[in-house]
Amino acid sequence: MNTALEAENLGMRYGRFWALRNCSLRLPTGSVIALVGPNGAGKTTLLHLVTGLLQPAEGSIGVFGEDAGKGGAQAMARVGFVAQDHPLYPGFSVADLLRMGCSLNLRWDQALAEKRLADLGIPLKARVGKLSGGQQSQVALALALAKRAPLLVLDEPLANLDPIARRNFMRVLMAAVAEDGLTVLLSSHVIADLEPVCDHLVLLNQGKVQLAGAIDHVLAGHRLLTGPHTDTVGDVPGVVRATRSDRHTDLLVRTDVGRTDVHPAWQSHPVGLEELILAYLEQPAVTR
Amino acid sequence: MMWLTWRQHRAQACAGLILIILAAAIFLPYGQSIRDTYTHDGIGACLQQGTGGDHCQSVMSAFLQQVNGIANHLLTWFTPLPGLIGGIVGASVLGREYEHGTWRLAWTQAVPRTRWLTTRILLLAAGIAVVTGSLSVMFGWFRSPVDQVSGRFSPGAFDLEGLTLTGYTLFAFAAGVLAGHLLRRTVPAIVAAFTAYMAVRIPVEFWLRPRYQTPVTRLASTANPTIGPMAAPTSPGPPDWILSRDLVDHSGHTLSPTLQDQVSQQMGSLNSLAARDAYLHGHGLQYRILYQPADRFWTFQTIEAALFIGLATALLGIAIWRLHKRST
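Predicted, not measured: the structure shown is a model, and the values here were computed from it.

Turning our attention to the overall build of chain B. On a plain count of helices and strands, chain B comes out with 12 helices and 3 strands. Along the three orthogonal principal directions, the C-alpha set of chain B runs to about 80 × 45 × 25 Å. Within chain B, buried positions represent 37% of all 328 residues. Here the contacts in chain B between residues at least 6 apart in sequence split such that 81% fall between residues at least 24 apart.

What chain A contains, in helices and strands, is 9 helices and 14 strands. By the compact-globule yardstick of 19 Å for 288 residues, chain A fits well, its C-alpha radius of gyration being 21 Å. Counting the 288 residues in chain A, one finds 43% classified as buried. Here the analysis covers contacts within chain A between residues at least 6 apart in sequence; of these, 67% occur between residues at least 24 apart.

The subject of this paragraph is the packing of helix H8 (residues 164-183) of chain B against helix H9 (residues 186-208) of chain B. Residue and element names in this part refer to chain B. Closest axis-to-axis distance for the H8/H9 pair is 8 Å, and the angle between their directions is 140 degrees. As far as their axial angle goes, H9 and H8 are oblique. With respect to the hand of their crossing, H8 and H9 are arranged in right-handed fashion. In contact with Tyr168, Phe171, Ala172, Ala175, Gly176, Ala179, Gly180 and Leu183 of H8, H9 contributes Thr186, Pro188, Ala189, Ile190, Ala192, Ala193, Phe194, Ala196, Tyr197, Val200 and Arg201. Here the residues of the contact of H8 with H9 sort into 15 nonpolar, 3 polar and 1 charged.

With that out of the way, let us pick up the domain arrangement of chain B. All names here are of chain B. Here chain B is described as being made up of domain 1 (2-212 + 297-325) and domain 2 (216-295). A straight line from the C-alpha centre of domain 1 to that of domain 2 covers 35 Å. Listed per partner, the contact involves 19 residues of domain 1 and 15 residues of domain 2. The class makeup of the residues in the side of domain 1 that touches domain 2 is 7 nonpolar, 11 polar and 1 charged.

On to the sheet that holds strand S12 (residues 239-244) of chain A, then. All names here are of chain A. The strand order across the open sheet built from 4 strands is S12-S13-S11-S14, with neighbouring strands paired in antiparallel fashion. Taken across any chain shown, the strands that pair with only one partner, and hence form the sheet edges, are S12 and strand S14 (267-269). Between one strand and the next, the sheet's axes are offset by a mean angle of 20 degrees, whatever the strand orientation. As defined by bridge partners, strand S11 (residues 222-228) adjoins S14 across 3 bridges and the pair is classed as antiparallel. Bridge pairing in S14 links Thr226 to Gln267. Sitting on the sheet, helix H9 (residues 273-282) is in contact with S11, S12 and strand S13 (248-254), with an inclination near 95 degrees to S12.

Size of an interface: often given as the accessible area lost when the parts come together. With 24 residues of chain A at the interface, the matching set in chain B holds 19 residues. Those elements giving two or more residues to the side of chain A that touches chain B turn out to be helix H2 (73-77) and helix H3 (94-104) of chain A. By residue number, the principal contributor to the side of chain A that touches chain B is H3(A), which donates 6 residues. Partitioning the side of chain A that touches chain B into residue classes produces 14 nonpolar, 7 polar and 3 charged.

The next thing to look at is the domain arrangement of chain A. Residues and elements named next belong to chain A. Along its sequence, chain A is carved into domain 1 (3-216) and domain 2 (221-282). If you look at the interface, domain 1 gives 10 residues, while domain 2 gives 5 residues. Of the residues contributing to the side of domain 1 that touches domain 2, the split by class is 7 nonpolar, 2 polar and 1 charged.

Before going further, it helps to examine the environment of B:Gly151. Residues and elements named next belong to chain B. By the secondary structure assignment, Gly151 is in the loop between helix H6 (113-150) and helix H7 (155-158). We classify Gly151 as buried; it has 22 C-beta atoms within 10 Å. C-alpha separation for the pair Gly151 and Ala294, spaced 143 residues apart in sequence, amounts to 7.2 Å.

Turning to the packing of H6(B) against H8(B), a few remarks are in order. All names here are of chain B. Relative orientation of the contacting elements H6 and H8 amounts to 150 degrees, with a least axis distance of 9 Å. In terms of orientation, H6 and H8 fall into the roughly antiparallel class. As for the relative orientation of H6 and H8, their crossing is right-handed in sense. Residues Ile121, Leu124, Ala125, Ile128, Ala129, Thr132, Gly133, Leu135 and Ser136 of H6 form the contact with H8, whose participating residues are Leu165, Thr166, Thr169, Leu170, Phe173 and Val177. Its residues assigned to classes, the contact of H6 with H8 shows 10 nonpolar, 5 polar and no charged.

Each value, and the rule that gives it
- Here the residue numbers are simple positions, counted from 1 along each chain's written sequence.
- For this description, chains carry letters from A and ligands carry numbers from 1, given in the order in which they are written.
- This being a predicted model, a pLDDT of at least 70 is required before a residue's local features are given, and a value of 80 or more before pairs of side-chain atoms are given or counted; all residues contribute to the totals for chains, interfaces and linings.
- Put simply, DSSP H or I for four residues or longer makes a helix, DSSP E for two residues or longer makes a strand, and each gets a number counted from the N terminus.
- Residues with at least 20 neighbouring C-beta atoms inside 10 Å of their own are called buried, those with 12 or fewer are called exposed, and the rest are partly exposed, where every C-beta is derived from the backbone.
- Here, residue contact means that the backbone-derived C-beta atoms of the two residues sit within 7 Å.
- Atoms counted for the radius of gyration: C-alpha only. Globule rule: 2.2 Å times the number of residues to the power 0.38.
- Angles run from 0 to 180 degrees between N-to-C directions of axes, and those axes are lines fitted to C-alpha atoms, restricted for helices to the stretch in contact.
- Angles are sorted into four bins: roughly parallel if under 35 degrees, roughly antiparallel if over 145, roughly perpendicular if 65 to 115, and oblique for all others.
- For any helix crossing, the convention is left-handed if the near helix is rotated counterclockwise from the far helix by under a right angle, and right-handed if that rotation is clockwise.
- Note that Gly is not counted as nonpolar here; it falls among the polar residues with everything else outside the nonpolar set of Ala, Val, Leu, Ile, Met, Phe, Trp, Tyr, Cys and Pro and the charged set of Asp, Glu, Lys and Arg.
- Marked domain ranges trace back to an automatic or database domain assignment.
- Should DSSP find at least two bridges between two strands, the strands are regarded as paired.

What follows is the structure in C-alpha cells.
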C-alpha cells in the first residue's frame with residue numbers, strides 16, 4: 001500500500017488554542033477519504049496543513065513523501081485544492097483564471113481545463129462574478145484538476161450548493177477520480193453527502209482524530225447491541241455509546257476488544273455509518 | 001507572476017495614467033503662463049542683479065502674489081495624495097486577498113507565497129515610482145519659475161519635486177501591504193496606511209527636516225522681510241531656507257522675546273524700509289538668520305527619500321517575514 005498522506009503527531013495552534021493536536025494518519029494512494037466532524041472540529045486546519053497554507057506548530061505532514069509543512073513548490077505541486085466557498089477572483093474572466101493557473105504552476109493541463117469547462121457549457125469569456133454558485137464551484141474544480149496533482153483536497157465542496165449543483169459537482173469529481181486514479185480528501189460536516197463515494201473515513205472532533213480507517217473496516221469493527229434496560233454497562237468492554245429507553249438499552253461497541261459474546265441474551269446488529277459517526281461525535285472523549 | 005500582477009492591478013495602473021494626464025492638462029498650460037509672466041516682468045533679470053531695489057522687490061512681490069494661490073495652495077492638496085495612492089495600492093495586495101478569501105487560491109498553486117508577494121511588491125513599487133516620478137518631474141517644471149523666487153525648500157516645492165513624492169508614496173504603499181496583512185480587510189487597511197503616513201510625514205516635515213544638517217548662521221542689518229512664503233529674495237542667487245530670524249545686539253546676544261516684540265512694534269510704526277534700517281543701525285541691532293543654504297536641496301531630498309524608502313523597506317520586510325511563517 002502506497003501512502004498518499006502521512007501525518008505524524010501533527011498539531012496546529014492559534015495563540016494558546018490548539019485547533020488540532022496529536023494527529024497521526026496514514027492514508028493510501030487512490031483512496032477517497034471523507035474528513036468528517038462538526039463545525040470547529042479542526043477540519044479546515046487539517047486541510048490547510050495538507051495544502052501548505054499553514055505551517056504545523058508540531059509534528060509533520062507528508063504528501064507523497066514531500067514535506068507539505070515546508071510550503072515548498074514541489075509539495076504544493078502535488079496537491080490540488082478547492083478551498084471552502086471555492087474562492088475565485090470575481091473580476092477575472094474564466095480564461096484569466098486559467099492563464100493564472102498556467103503561470104503559477106509547474107504542471108498545467110490547459111486542454112483538460114478547457115475541455116472540462118466546455119463540457120459543462122461554461123464559456124471562457126464569462127466573468128467569474130457573473131457565474132452561478134454551481135458554475136463557480138465547477139470552475140474551481142477545473143482549476144484544481146488542471147494542476148494534474150495526484151492528491152485533490154476539497155474543503156466543504158458541497159456547502160452552499162443547491163441539490164442539482166451538488167449532484168453535478170460530485171459526478172464531475174468522481175469521473176475525474178476514476179479517470180486519473182486520484183487520491184481525494186474531502187471534508188464535510190454531513191456524512192450523507194460523502195458516504196456514497198468515499199472508501200475511507202477520518203473523524204475529527206475538538207481537534208482530535210476520533211476514528212480513522214477504511215469505511216468497511218470501521219463498520220466491521222462495530223456492532224450495535226440491544227438488550228434489556230440496565231444502568232450498569234460499565235463492565236461491557238469497548239462501549240462507545242449507551243442509549244437507554246424505558247424498556248431496553250442500546251450499546252454501540254467495538255468488536256476488536258474481542259468479548260462481545262459476554263451478552264448472549266443481547267441482540268447484535270451491524271451499524272450504519274451515519275449512526276456510528278453520530279455516536280462518536282456525542283462522545284468526544286472516546287478515541288480509537 | 002508578471003501577467004497576474006498586471007491583471008490584478010491594471011485598473012490602478014489606468015488610474016495612475018489618468019492622474020498623470022489630468023495633472024499634465026492642468027499644470028503644463030498653467031506653467032507656460034507662469035513662464036510668460038516671469039519673462040515679461042523681467043524677474044529673471046531682477047534675480048541676477050539688483051534684487052534689493054524697490055522696483056524689483058515690488059515686481060517679485062506681485063509675481064508671488066499672482067502665482068502663490070495655485071503654486072502653493074493647490075499643490076497643498078497633493079500632500080495627502082501619496083498616502084491615498086500608496087494606501088489603496090498597498091492594501092489591495094494582501095487585504096483584498098484575505099477579504100475575498102482568494103489567498104487560499106493564490107497560495108495553493110505552485111508558487112511559494114513569499115515569492116508571490118516579493119514579485120508583486122517589486123512590480124508595484126516600480127509602477128508607483130514611474131507614476132510619482134512623472135508627477136514630480138511635471139511639478140518641478142511647472143514650479144521652477146516660482147522656485148527661483150521663493151526657493152525650492154518651500155513646502156509646495158520640496159514635497160513634490162525631486163525624490164520625496166516617490167518616497168512618501170512607497171512608504172504609504174508598504175504601510176498598506178502590512179496593514180492589509182494584519183487587518184485582513186481592504187478599507188480598514190487603507191485607513192491605517194493613510195493614518196500611518198500622516199503620522200510620519202507631518203512630524204518629519206516640521207520637526208525633522210530642518211535638522212538634517214546643522215543650519216548656517218548669518219547676520220543681516222536690514223529689516224527687509226525675508227521669511228514666509230511671500231518673502232521676495234534680497235540677494236541674488238537661489239533663495240535659502242530661512243529657519244528663524246532673531247534680533248541681536250552689538251555684542252551678538254539675542255534680545256529677549258519681550259524686547260524683540262517692542263522693537264518690532266516700534267519698527268512697524270515706521271513706514272519706509274530705509275527708516276526701519278536706520279532705526280536698527282541707530283540702536284546697534286542686527287538680525288541673526290538661521291538658514292539652510294539653497295544648494296543643500298538635493299542632499300535634503302536624498303535624506304528624506306532615503307528615510308521614507310528605508311521605513312517602507314522595513315515594513316515590507318515585516319510583511320514578508322510574517323507571511324513566510326504561515327501561522328494564521
